[in-house]
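Overview (structure and organization)
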Amino acid sequence: MRLLGFVFFAVALLCNTAVARQHTQPSSQDSELIEQGNYTNSDGQEIHRPAHTKSGKAPDGASAQCRDGSYSFSTHHRGTCSRHGGVAAWLN
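So, how was this worked out
- Residues numbered from 1 in each chain as written.
- Predicted model: local features only at pLDDT ≥ 70, side-chain atom pairs only at ≥ 80, totals over all residues.
- Heavy atoms only, no water.
- pLDDT = per-residue confidence, 0-100.
- Contact = heavy atoms within 4.5 Å.
- Helix = DSSP H or I, 4+ residues; strand = E, 2+ residues; numbered from the N terminus.
- Polar contact = N/O pair within 3.5 Å; in protein donor to acceptor, adjacent residues only side chain to side chain.
- 1 Å grid on protein atoms, 1.4 Å probe; cavity = no way out; pocket = protein on both sides within 12 Å on 5 of 7 lines; lining within 4 Å.
- Points joined across faces, edges and corners; volume = space filled by probe spheres on them.
- Nonpolar A, V, L, I, M, F, W, Y, C, P; charged D, E, K, R; others polar.
- Disulfide = S-S within 2.5 Å.
- Buried < 20%, exposed > 50% of the residue type's maximum accessible area, 1.4 Å probe, protein only.

Across the protein, pLDDT averages 80, with 67% of residues at or above 70. Ignoring residues within four places in sequence, the model shows residues 16-26, a span with pLDDT below 50, making 3 contacts including any to other chains.

Before going further, it helps to spend a moment on the side chain of Ser74. Residue position: Ser74 is located in the loop between strand S4 (71-72) and strand S5 (87-90). At 2.6 Å, the side chain of Ser74 forms a polar contact with the backbone oxygen of His76. A polar contact of 3.0 Å, which involves the side chain of Ser74, links it to the side chain of Thr80. When neighbours within four sequence positions are excluded, Ser74 is seen to be in contact with Tyr39, Ile47, Ser63 and Thr80.

Mapped onto the secondary structure, Thr53 falls in the loop between strand S2 (46-48) and strand S3 (64-66). At 2.9 Å, the side chain of Thr53 and the backbone nitrogen of Gly56 are in polar contact. Those residues in contact with Thr53, other than ones at most four positions away along the chain, are Glu32, Leu33, Ile34, Pro59 and Tyr71.

The next thing to look at is the layout of surface pockets. Any space left empty among the atoms is revealed by the rolling of a water-sized probe across them. By volume, the largest pocket amounts to about 340 Å³. Tyr39, Arg49, Pro50, Gly79 and Ser82 are the residues nearest the centre of the largest pocket, which is lined by 16 residues in total. Among the residues making up the lining of the largest pocket, the classes are represented as 3 nonpolar, 10 polar and 3 charged.

This structure, assessed with the given rule, holds 1 disulfide. Each sulfur in the disulfide pair Cys66 and Cys81 lies 2.0 Å from the other. Measuring handedness by torsion sign, the sulfur bridge of Cys66 and Cys81 sits at about -75° and is left-handed. Residue Cys66 is located in strand S3, and its partner Cys81 is located in the loop between S4 and S5; the two are separated by 15 residues in the primary sequence. According to the relative accessible area criterion, Cys66 is buried, its value standing at 2%.

In structure tokens, the structure reads:
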């Protein structure tokens, strides 16, 4: 019984380590963004949270600029910039 508990613990630890590595790999876009972090959207996709840029210019992949000046990477209009004052402008 102890061995079974140890096996479950080891598997859980390995899975959590793999997930942590997946979320901490920086992209070239991340160096331009001030805020970091992701959320899972309604389709199950990992999406970068709204963020301000160091240059003030729209980053690659941004879908909207929020009223607080941050950029959203949302793939759906509903809820975009909801905690950032709403959408100021949709981007192409």
